[in-house]
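# A look at the structure
The residues making up each chain are set out below.
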Amino acid sequence: MNKVILEIRSGAGGDEAANFAGDLARMYQRYAERNGLKFTVLDANKTSLSGYKTFIAKVGGEGIFDKLKQESGVHRVQRIPTTEKSGRVHTSTASVAVMPVVEPKEVNINPSDIEISFFRSSGPGGQNVNKVETAVRITHKPTGLVVSSQSSRTQLDNREQAMEILRSKLYEAQIERQQAEIGSLRREQIGTGDRSEKIRTYNFPQDRITDHRIDKKFSNIEKILDGDLDKIIKAFAKDK
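For clarity, every value in this text was computed on a predicted model and none was experimentally measured.

## A short note on the confidence of the model for the protein chain
In the predicted model, the protein chain carries a mean pLDDT of 86, and 87% of its residues have values of at least 70. Low pLDDT (under 50) marks residues 182-187, which in the prediction has 7 contacts with non-local residues, meaning those over four places away or in another chain.

## A look at the side chain of His 140
Position of His 140 relative to the elements: it lies in strand S7 (residues 135-140). Take His 140: its relative accessible area is 7%, and that puts it in the buried class. Setting aside residues no more than four positions away along its own chain, His 140 makes contact with Ile 109, Asp 113, Ile 114, Leu 145, Leu 166 and Leu 170.

## Observations concerning the sheet that holds strand S9 (residues 200-203)
Taken in spatial order, the 8 strands make up an open sheet running S2-S3-S1-S5-S4-S9-S10-S11, and their pairing is mixed. The strands lining the two open edges of the sheet, one partner per strand, are strand S2 (38-46) and strand S11 (216-219). Going from strand to strand, the sheet's axes swing by 20 degrees on average, the running direction of each strand aside.

## So, the nonpolar core
By size, the foremost hydrophobic cluster in this structure holds 37 residues, and its most contacted members are Ile 8, Leu 24 and Tyr 28. For this core, the secondary-structure elements that each account for two or more residues are strand S1 (3-10), helix H1 (14-34), S2, strand S3 (52-60), helix H2 (64-68), strand S5 (90-100), helix H4 (221-225) and helix H5 (230-239). Per-element tally for this core: the top contributor is H1, with 8 residues. The next biggest cluster of nonpolar side chains, apart from the first, holds 19 residues, and it includes Leu 42, Ile 56, Val 107 and Ile 165.

## Considerations on the environment of Ala 32
Among the structural elements, Ala 32 can be located in helix H1. For the pair Ala 32 and Ile 64, spaced 32 residues apart in the sequence, the C-alpha separation amounts to 9.7 Å. Residues contacting Ala 32, with those up to four places away along its chain left out, are Leu 37 and Phe 39.

Scoring rules and cut-offs
- Residues numbered from 1 in each chain as written.
- Predicted model: local features only at pLDDT ≥ 70, side-chain atom pairs only at ≥ 80, totals over all residues.
- Heavy atoms only, no water.
- pLDDT = per-residue confidence, 0-100.
- Contact = heavy atoms within 4.5 Å.
- Helix = DSSP H or I, 4+ residues; strand = E, 2+ residues; numbered from the N terminus.
- Buried < 20%, exposed > 50% of the residue type's maximum accessible area, 1.4 Å probe, protein only.
- Pairing = 2+ DSSP bridges.
- Axes fitted to C-alpha atoms, helices over the stretch in contact; angles between N-to-C directions.
- Core = buried A, V, L, I, M, F, W, Y, C linked by side-chain atoms within 4.5 Å.

Written as structure tokens, this is what we have:
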């Protein structure tokens with residue numbers, strides 16, 4: 001699959017969790033830039049400290065789902081926040097979900113099942129940055145799923161992007177239901193965001209990233225957060 005929806009949400013840890021979500025968003029964006037992939041921000045709820053409560057993007061490129069699917073789960077960071085005056089290490093989390101973009105024919109959405117509303121795009125702190133209501137919010141009434149897109153300048157483009165996010169989420173839910181029916185129920189991708197649920201730990205004092213699923217450690221956190229994900233991706237390819 002050559003297109004994915006990437007969703008990042010801050011978890012436990014307040015402002016520091018939002019800042020970590022921002023670090024992850026930039027890491028994937030830099031990875032895309034390094035590898036000539038198309039990266040489009042679809043929706044983001046930015047905080048005043050350069051972090052994100054939520055961040056949703058679309059990434060396109062050959063085999064991108066296979067390269068990024070192992071990123072799904074809870075990422076944990078251990079470091080001294082910039083706002084910490086006593087030098088104490090904090091532990092925070094952010095969750096990542098990577099979902100394939102699916103064609104409309106693969107997920108049937110009844111028009112009567114969705115409710116569409118429009119609003120003004122917002123910047124950090126929630127203030128409106130546009131005078132025209134071009135941002136789109138779609139509610140899928142049967143499931144209660146709510147998705148939005150505000151990156152484009154037109155309602156039409158934002159509506160199409162929001163529908164793309166919705167289809168991906170419904171497709172993922174459909175796959176999970178099918179797997180449950182055949183007896184291989186898997187954990188939800190992003191869990192609850194609790195500190196104890198983790199797939200990977202970023203330990204800044206020790207300059208070490210540990211992936212708990214394949215029990216491998218990687219050094220040079222700053223370089224990896226700057227988009228150098230190749231060695232992690234290759235480690236998973238070898239572990240198959």
